Amino acid sequence: MSRSIALVDDDRNILTSVSLTLEAEGFEVTTYNDGAEALRGLLADPVDLAVLDIKMPRMDGMELLQKLRERTAMPVIFLTSKDDEVDELMGLRLGADDYIKKPFSQRLLIERIRALLRRLELRSGASGPDLSKSALVRGDLTLDPDRHLCAWKGKPVDLTVTEFLILQALAQRPGHVKSRDQLIDAAYGENIYVDDRTIDSHIKRLRKKFRDVDRTFSEIETLYGVGYRYKDPTPLRSGPDGDGNAPL
């Protein structure tokens with residue numbers, strides 16, 4: 001079954017060239033050269049993944065991404081033609097799953113698309129009214145990988161594919177530190193280069209989403225110069241000496 005891709009860019013040469021390449025790889029491709037048109041089209045007829053450019057008329061990629069994230073967790077790869085990392089970080093904070101700098105290799109784009117879709121497939125298994133057998137519960141957090149569902153204190157939290165994988169990697173071993181490189185491997189796969197500051201942006205986005213549900217959320221801890229960890233919801237039990245240690 002072919003997967004559907006939306007390309008959104010005001011450069012018609014890029015739209016034509018990239019869409020032909022993707023179609024040759026077996027993808028169904030829809031193209032838009034205007035952000036406002038793309039928003040209407042993607043909300044009316046969602047695709048499996050969207051590739052968004054920054055510079056577009058009427059509605060730029062940043063605004064389009066923000067509006068899409070209000071309604072959908074559709075995987076998004078962000079394109080930027082600037083060397084300024086501010087655009088990349090802003091895109092990640094708005095909810096992009098990945099980004100690629102222009103000019104880019106079409107082969108690199110295809111590999112990033114396939115990698116993101118594989119990650120999505122791993123999260124889209126069984127459905128049903130109950131939690132799947134692979135559901136992960138850590139205190140007030142519930143993660144259901146099979147259905148790509150996340151809840152905090154029973155309230156749903158909408159996560160992108162990348163956000164979900166980062167949180168899952170942290171929550172699987174609460175109290176244990178994960179380096180940025182380990183989180184990159186968990187979210188993007190091995191042998192894919194991603195700036196480690198990308199992880200910082202995803203963590204900020206995760207914290208914001210949870211604090212929108214519960215302003216006291218503080219489970220994702222930063223260990224400066226080391227990485228991140230998910231707070232262990234099970235406190236250390238005190239031993240007979242009252243300090244957490246059993247007597248010698």
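In the block above lies the structure referred to throughout.
Residues numbered from 1 in each chain as written. Predicted model: local features only at pLDDT ≥ 70, side-chain atom pairs only at ≥ 80, totals over all residues. Heavy atoms only, no water.

## Considering the packing of aromatic side chains
Remark: the centre distance and the inter-plane angle together describe each pair of aromatic rings, the angle taken between the planes. As a reminder, the rule being used: To pair, rings of Phe, Tyr and Trp, with the six-membered ring standing in for Trp, must have centres within 6.5 Å; the planes then decide the type, stacked if under 30 degrees apart, edge-to-face if over 60, and tilted in the middle. Helical segments are the DSSP runs of H or I of at least four residues, strand segments are the runs of E of at least two, and each set is numbered from the N terminus. Exposure categories follow from relative accessible area, calculated using a 1.4 Å probe and restricted to protein chains: below 20% of the type maximum is buried, above 50% is exposed, and the middle band is partly exposed.
Under the definition given, this model contains three aromatic pairs. On the numbers, 6.0 Å between centres and 90° between planes, the contact of W152 with F210 is edge-to-face. Note that W152 is positioned in strand β8 (residues 149-152) and F210 in helix α8 (residues 196-213), a separation of 58 residues in sequence. As far as burial versus exposure is concerned, W152 and F210 are alike and both buried. Between F210 and F217, the ring centres sit 4.6 Å apart and the planes meet at 20°, which makes this aromatic pair stacked. For the pair F210 and F217, one class covers both residues: buried. An aromatic cluster of at least three residues, connected via ring pairs, comprises W152, F210 and F217.

## Observations concerning the environment of F210
Operational definition: Any two residues whose heavy atoms approach within 4.5 Å at even a single point are treated as in contact.
We classify F210 as buried; its relative accessible area is 1%. Sequence spacing of F210 and K155 is 55 residues, and the spatial spacing of their C-alpha atoms is 9.7 Å. When residues no more than four places from it in sequence are discounted, the contact partners of F210 are L141, C150, W152, V157, L159, L167 and F217.

## Quick notes on helix α2 (residues 35-44)
Here is the rule we go by: Two N or O atoms form a polar contact when they lie within 3.5 Å of each other; inside protein one atom must be a possible hydrogen donor and the other a possible acceptor, and for residues adjacent in sequence the pair counts only when both atoms belong to side chains.
Taken together, the buried positions of α2 are G35, A36, A38, L39, G41 and L42. Buried residues in α2 make contact with β1 (4-8), β2 (28-32), β3 (49-53) and α3 (61-69). Of the residues that open α2, the one with a side-chain oxygen 2.9 Å from the backbone nitrogen of A36 is D34.

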